[in-house]
Amino acid sequence: MMMAANRLFIFLHGVGDSAAGMRGFANHFAAQFPDVAIEVPDGTLPMGPHGGRQWFPIQGVTEENRPSRVAEGLPAVVSLIKAAQAKYQVAAKDTVLIGFSQGTIMSLATVVAHPELVGAVIGFSGRFAELPSSISTETKIHLLHGEADPVMPVMLAKQAYAQLQSLGASVTLDTEPGVAHHIGAGLFQKAIGYLTV
């Protein structure tokens, strides 16, 4: 059954997490935006015998093979985005991808490969698989990163921001001191501010 909404937020969790694990975070956004449709899918691949999901396999991942792994995982992500848009009858420009870590990698890859698919990305603690050579200037990209992140160093976000600026993208970068590989309260509030229209 289709359910119309004005906007759609799709949450893409980090590696080893799941829809259930991301749901609590998504609920904070739902409380702030009660009229927005919320989708929290499971990563498309199993993580291993201990549970959890992932969007592309991380075992043996390197700087060299990460882009191809992301590209292989992208069609499934695009399909779930399109399915959610059809379910809620929401246009691409009113669709927001909200990613954490690996979920941010997939969100950024989506807007590079399919610039017409979503209107904005809120990317926490992530990176590009490889820096893009072109990007839509219509898509809003908000990068949010802890300055003490040992998993995805903040320099990756700064490099992404610089590259996107050079391409004329609509991009912001916010960092929070002392925050490691998680979503700090200050970064959460920044994200809420960007989504408040």
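Because the structure is predicted, anything quoted here is derived from the model rather than measured. (Residues numbered from 1 in each chain as written. Predicted model: local features only at pLDDT ≥ 70, side-chain atom pairs only at ≥ 80, totals over all residues. Heavy atoms only, no water.)

A. Quick look at empty space enclosed by the protein. Inspection of every chain in the model, using the stated rule, returns one cavity of 30 Å³ or more. Taken as a whole, the largest cavity encloses approximately 40 Å³ of empty space. Lining the largest cavity we find Thr104, Leu108, Gly123, Ser125, Gly126, Arg127, Leu143, Leu144, His145, Ala157 and Ala160. For the lining of the largest cavity, the secondary structure elements donating two or more residues are α3 (102-113), β7 (140-146) and α4 (154-166). It is β7 that provides the largest number of residues to the lining of the largest cavity, a total of three residues. (1 Å grid on protein atoms, 1.4 Å probe; cavity = no way out; pocket = protein on both sides within 12 Å on 5 of 7 lines; lining within 4 Å. Points joined across faces, edges and corners; volume = space filled by probe spheres on them. Helix = DSSP H or I, 4+ residues; strand = E, 2+ residues; numbered from the N terminus.)

B. Region of the structure containing helix α2 (residues 66-88). Between its first and last C-alpha, α2 extends 32 Å over 23 residues, near the 33 Å set by a 1.5 Å rise per residue. The principal kink in α2, of about 35°, is found at Leu74, preceding the proline Pro75 by one to four residues. Where the residues of α2 are buried, they touch β1 (8-12), β2 (37-39), β5 (95-100) and α3. Looking one or two residues past α2, Gln89 carries a phi angle of roughly 55°, positive in sign. (Expected span 1.5 Å × (residues − 1). Bend = angle between axes of the 7 residues up to and from the residue. Contact = heavy atoms within 4.5 Å.)

C. Fine view of the layout of surface pockets. Roughly 300 Å³ of volume is contained in the largest pocket. Considering the residues around the largest pocket, the lining is formed by 19 residues, among which Lys93, Val96, Gly119, Ala120 and Lys140 are closest to the centre. Elements supplying a minimum of two residues to the lining of the largest pocket: β6 (120-124), β7 and α5 (185-195). Here the residues of the lining of the largest pocket are counted per class, giving ten nonpolar, three polar and six charged. Here the second largest pocket is characterised by a volume of approximately 250 Å³. Tallied by class, residues from the lining of the second largest pocket come to nine nonpolar, four polar and two charged. (Nonpolar A, V, L, I, M, F, W, Y, C, P; charged D, E, K, R; others polar.)

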